[in-house]
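Per-entry structural report
Residue strings, one per chain:
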Amino acid sequence: MLGCAAAMIGLASTLTPPARAETGADPVQRILRDGFEQGAFAGEGGLFYKDNPEQRFGRVIFDGIAPYSGAGALTLIATPSCLPQTAGCSERAEVWERPEVLVPFHSAVWYGFALRLNDPLAQDDRRYVIAQWKREILPEAVGDYSPFLALRLYRGRLGITVETDLIASYPIGGSERPGGCLPGEAVVLSRTEDQQTRALVAMESGTTTENYPSYFNACAPGIRVEHHADLPSAQQGWIDFVVRSKPGPDGDGHIEIIADGVHIVTVTGHIGHSGPGLDDNQYFKMGPYRAPAPLPWSISFDDFRRGPRCSDVIRLGQCPTEPQASKAIGKLPLSTSSDVKKAGEP
């Protein structure tokens, strides 16, 4: 539980405008860091809490209660705020990268951050997103685009998904994949109404098809997955993540995930979106995002960092060797219909 003193500090900090990251440097080469030590967002961190209607019920707390390192941490709490039966409503408390530090969509950038999922840990199967990477969307865009990379919670277990435009996939148990996916193929869900393919690329140790979504039921050769290890337990306390973000909707995407110094997965191929209404940059945000739920959801973060190289952000373990990204395989045309269904979810 978070103490009253920490809550009061958090309330005061949300009323103080955060310092802005310095401008002028090439965003791709800029190194960002924030240990949340100052009772506000650090100017050199490039982060802010976005003030929009979906986030106004969230809580932002800068506190010193059992941080990952140093003397401070950031706790973000999504609280019940959606009215019953409100379609498409979400509850969130997310910290975003500032617009002036965003990197171009096709650039490679490395992120590091530590997180702790606080009690009570949700055990149900509604939508829970912990951190996500997206492409900027223009106001006139039709439909919705999910994050091309997301760290999620499902029934109390961690998982990582990758999303792209709709690509060729083959149902498990069908004539093309009667015994399951071929080596290296991603297990996917084809979201045909949204013209997107979602891949489940990493899961927590001990996860089975019985306790993680069974709707990932097809195989996509266009997304290549090299598993190195399972994700750690969502219940273990602090976990330090290192992530390489390099989307590539045409097949040259490349993602690396490291957790507590252990290389978890390498993902290459079709990653991200190229449909109408999309802008030029990618962006990262972290914090609880969920479908409506009756209890608050709390996540603590610490030691945020971003840079152009793995060596800029890694704390534990070794940086992976970066292989060649896979070639474009199995791409299907993206619908540009004006009646694409809005998913309302990442």
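What this report covers is the structure whose coordinates are included nearby. It should be emphasised that the depicted structure is a prediction, and the values quoted were computed from it without experimental measurement. (Residues numbered from 1 in each chain as written. Predicted model: local features only at pLDDT ≥ 70, side-chain atom pairs only at ≥ 80, totals over all residues. Heavy atoms only, no water.)

Here we take up the pattern of salt bridges. Two side chains bearing opposite charge may form a pair once their charged atoms approach each other closely. Under the definition given, this model contains 17 salt bridges. With a closest N to O distance of 2.5 Å, R191 and E163 form a salt bridge. Of the two residues, R191 sits in strand β13 (residues 185–191) while E163 sits in strand β11 (residues 157–165), which places them 28 residues apart along the sequence. You can call R191 buried: its relative accessible area is 11%. (Salt bridge = Lys/Arg side-chain N within 4 Å of Asp/Glu carboxyl O. Helix = DSSP H or I, 4+ residues; strand = E, 2+ residues; numbered from the N terminus. Buried < 20%, exposed > 50% of the residue type's maximum accessible area, 1.4 Å probe, protein only.)

Turning to the state of the cysteines, a few remarks are in order. Going through the model one piece at a time under the given rule, you end up with three disulfides. Here C82 is linked by a disulfide to C89, with a sulfur-sulfur distance of 1.9 Å. Given an S-S torsion of about -85°, the disulfide between C82 and C89 has left-handed geometry. Residue class for C89 comes out partly exposed when judged on its relative accessible area of 22%. Numbered by position along the chain, the disulfide-linked cysteines of the protein chain connect as 1-2, 3-4, 5-6. (Disulfide = S-S within 2.5 Å.)

This brings us to the packing of aromatic side chains. Under the counting rule described, the total for this entry stands at 18 aromatic pairs. A ring pair is formed by Y111 and F304, whose centres lie 6.5 Å apart and whose planes are at 50°; its orientation type is tilted. Of this pair, Y111 sits in strand β8 (residues 109–117) while F304 sits in strand β20 (residues 297–307); the two residues are 193 residues apart in sequence, bridging distant segments of the chain. Grouping residues by exposure puts Y111 and F304 together as buried. Relative to F216, the ring of Y215 lies with its centre 5.2 Å away and its plane at 35°, an arrangement referred to as tilted. The rings of Y111, F113, W133, F241, F284, F301 and F304 are connected pair by pair, giving a single aromatic cluster. It is K50 that lies over the ring of W96; its NZ or CZ is 3.9 Å from the centre. One cation-aromatic arrangement involves R135 over F105; the distance from NZ or CZ to the ring centre is 4.1 Å. (Phe/Tyr/Trp six-rings, centres within 6.5 Å; stacked < 30°, edge-to-face > 60°. Lys NZ or Arg CZ within 6 Å of the ring centre and 35° of its normal.)

This model, assessed by the stated rule, comprises one cavity of 30 Å³ or more. What lines the largest cavity is F113, W133, L149, A150, L151, I160, F241, V243 and I257. Elements with a minimum of two residues in the lining of the largest cavity: β10 (149–154) and β16 (239–245). Per-element tally for the lining of the largest cavity: the top contributor is β10, with three residues. (1 Å grid on protein atoms, 1.4 Å probe; cavity = no way out; pocket = protein on both sides within 12 Å on 5 of 7 lines; lining within 4 Å. Points joined across faces, edges and corners; volume = space filled by probe spheres on them.)

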